[in-house]
Amino acid sequence: MGVEAHATNERVTGRTWTVRLDPVGRGRADVRVSCSRPACAAQALPSAAVGRTAAVEHLKAHLRAGPAPRPSVYCACRAEECHTHIRPAGPRERPAPWRCGGAVVLAVVTDREGRWWRVMECCSRCAAAHPTAKVVATAPVPARPDPAGGFRAAAAPASTVSAVGPHFSHSAPGAAVPQQVPVRRPARPTRQRARRGRIAQRFVPHDLRPIALRDELTELGELFRAYQQRAEPDLEVLADLHARKAKAFSAWAEVTADTGLRLDAQRAEQAAATVRRQHLHRIGEAPDGHGPAVARLLTAPAQWDHARAVLTHVADHAPLPGPDARLLVVMLTLRVAQSGVGNLVGQDLKGLPLREPEQLVGQLVECGWLGIAGTVDELIASRPENPTRISVPSLTPDESDPGPFTFGRKMRPKLSGWAQRVVGEKKLRKAKTAADVRLLALALVTGADAHGQLGPQGRGIGLEALASWCAIGPGDLPELVDRLTAADWLTEAAVTDDLLTGRLTERVLPLSCPLT
């Protein structure tokens, strides 16, 4: 009997095993799925998505085939001293001992990144303490021996005790003293601890009043963290979150008289306005909501100033006369503007409206303005997979001369792409306009205001400056204006003795660089 009793009271530790998803090696996409159970062999899979699916299916197969949780096992989480879910005590908190309790369950715990899944046979209290635990099975309440010789469920409490009560010296021997079972007191309602929120690296106090403000701050922190997990940004949602944060932080600052909170509220209000302007710009609406905005190819005033600086430099340092040479120098300057060197292919030259591109390139090489790796014929025949290296010595920076331009490496391709869009605009190509017309188009898109009116405050542009830029005589300018008007670039155009007035059409406003 002693051996049987000892075997009955012996408790084993709850089962636990882990399924992991690990990378095979650095820089590789394939992953390895492994299981801590000895009978399971690791398997390699081509991607993390496929591996995660296989790991979940492997875990489900174990749960379907394995036995149910045993009601008398020792809590696996308690065997590990609850290190997996007990938060260390802070400077103002006293560590509390953890007590297991409740029915034995089979719980699955996973990390938030989906890299491992752990199955534990533990008590329901420990499972509830894990934030990611999911209970998949619960053990039945164990039966306990009945004094009558059978077994009865532990969950069925007796309503009365034995009718034979204790005997006292003043009582008659054998007299039965009935005893009523005391009525069980109702359980005290558990006081739910308020959520301790966190927002902008700040903890929301439990005792913050009003409660609506505390709940708003807690919810905002959760919404900001959820937004960071989005696959695609939504600027409208982000602007609303910043606006709510500004209002909530202002109220928080009023309650606590904290200057730092008031400054954070101001920063959040500025962030809301900035993000809302970005959102309106993306959807093509004006910031004031009164009309559509222009989604320009170059979006910032600094970019517009850099584009005008390049055109001014070319006008002052053009090595050859004529509109064809001027247009070619503009495009080559933008190709090598930042470092003085770049790559060029034959299609870049063939796409320009040049009558004799080979001769122009040869003249630029002969005068020393351009350097190429190879011959002119090899440059014309080069393809994108084998570009030709070119250099412009006057634009190459050195220790004594940083170069004529101040923009950085990322700005150069933006300006070059903008110029290619203007010069190669669809209607200009279809009309087979020459280099002088396209030079005039470049000049006009950089010489209009935000509404497309030519010149500062719409007063017009001087004819001498336009003719000098296009490398033509002033008498040839009206014909170029007519060609741009026919190509739907200009409207209300008028050529006087010394000015060109008019307005860019709505179609070409996205290519413009407004005067500020």
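Placed above this text is the structure.
Residues numbered from 1 in each chain as written. Predicted model: local features only at pLDDT ≥ 70, side-chain atom pairs only at ≥ 80, totals over all residues. Heavy atoms only, no water.

Chemist: Looking at this structure, I do not really get the environment of Asp449. What am I missing?
Modeler: Residue placement: Asp449 occurs in the loop between α15 (435-445) and β14 (461-462). Along the primary structure Asp449 and Leu504 are separated by 55 residues, whereas in three dimensions their C-alpha atoms are 9.5 Å apart. Excluding residues within four positions of it along the chain, Asp449 makes contact with Gly455, Gly458, Pro514 and Leu515. Reaching out from Asp449, the side chain makes a polar contact with the backbone nitrogen of Gly452 at a distance of 2.9 Å. Side-chain polar atoms of Asp449 contact the backbone nitrogen of Gln453, separated by 2.7 Å. (Helix = DSSP H or I, 4+ residues; strand = E, 2+ residues; numbered from the N terminus. Contact = heavy atoms within 4.5 Å. Polar contact = N/O pair within 3.5 Å; in protein donor to acceptor, adjacent residues only side chain to side chain.)

Chemist: When you look at the pattern of salt bridges in this model, what are you seeing that I'm missing?
Modeler: Note on pairing: side chains with opposite charge can pair once their charged atoms come close. Counted by the stated rule, this structure contains 21 salt bridges. The salt bridge involving Arg115 is made with Asp111; its shortest N-O contact spans 3.0 Å. Measuring nitrogen to oxygen at the nearest pair gives 3.3 Å for the salt bridge that ties Arg507 to Asp488. Of this pair, Arg507 sits in the segment after β16 (499-504) while Asp488 sits in the loop between α17 (477-486) and β15 (490-495); the two residues are 19 residues apart in sequence, bridging distant segments of the chain. For Asp488, a relative accessible area of 29% corresponds to the partly exposed category. Each of Arg202, Asp258, Asp264 and Arg267 takes part in a single network of salt bridges with overlapping partners. (Salt bridge = Lys/Arg side-chain N within 4 Å of Asp/Glu carboxyl O. Buried < 20%, exposed > 50% of the residue type's maximum accessible area, 1.4 Å probe, protein only.)

Chemist: Just checking my understanding: could you explain the environment of Val422 for this structure?
Modeler: In this structure, Val422 sits in helix α13 (residues 411-423). C-alpha of Val422 to C-alpha of Val445: the two residues are 23 residues apart in sequence and 8.6 Å apart in space. Setting aside its immediate chain neighbours within four residues, Val422 contacts Leu428, Ala441, Leu442, Val445, Trp489 and Leu511.

Chemist: Even after reading the chapter, I still don't get the side chain of Arg326, so can you show me in this structure?
Modeler: Relative to the helices and strands, Arg326 is located in helix α9 (residues 323-336). Asp316 is the oppositely charged side chain nearest to the buried, salt-bridge-free Arg326, at an N-O distance of 8.1 Å. (Lys, Arg positive; Asp, Glu negative; His and termini not counted.)

Chemist: Explain α17 to me, please; I cannot follow it from the model alone.
Modeler: Those residues of α17 that sit buried are Leu477, Leu480, Val481 and Leu484. The arc that holds the buried residues of α17, viewed along the axis, is 100°, so those residues lie on one side. In α17, the exposed positions that point more than 90 degrees away from the buried face belong to Glu479, Asp482 and Ala486. Where α17 is buried, its residues touch α14 (426-430), α15, α16 (463-470), β15 and β16. At the C-terminal side of α17, Asp488 shows a positive phi close to 60°. (Arc of directions from axis to C-beta.)

Chemist: I would appreciate a short explanation of the nonpolar core in the present structure.
Modeler: When a protein is soluble and globular, its nonpolar side chains tend to lie buried together. Counting residues in each nonpolar core, the largest one holds 73 residues, and the members touching the most others are Leu444 and Trp489. Here Leu444 is in contact with Leu454, Ile461, Leu466, Leu484, Leu490, Leu500 and Leu504, once residues within four sequence places are set aside. If you look at the next biggest cluster of nonpolar residues, it comprises 19 residues, including Leu217, Phe224, Leu261 and Val275. (Core = buried A, V, L, I, M, F, W, Y, C linked by side-chain atoms within 4.5 Å.)

Chemist: Help me understand the packing of helix α8 (residues 301-316) against α9, please; the structure alone is not making it clear to me.
Modeler: A pair of packed helices can be characterised by two numbers: the angle between their axes and the separation between those axes. At a minimum axis separation of 10 Å, α8 and α9 run at an interaxial angle of 130°. By the angle between their axes, α8 is oblique relative to α9. The chirality of how α8 crosses α9 is right-handed. Note on element contacts: α9 touches α8 through Arg326, Val329, Val330, Thr333 and Leu334, opposite Val310, Leu311, Val314 and Ala315. Split into classes, the residues belonging to the contact of α8 with α9 amount to seven nonpolar, one polar and one charged. (Axes fitted to C-alpha atoms, helices over the stretch in contact; angles between N-to-C directions. Parallel < 35°, antiparallel > 145°, perpendicular 65-115°, else oblique. Left-handed = near helix turned anticlockwise from the far one by under 90°. Nonpolar A, V, L, I, M, F, W, Y, C, P; charged D, E, K, R; others polar.)

Read these as layout, nothing more, since geometry by itself doesn't imply function.
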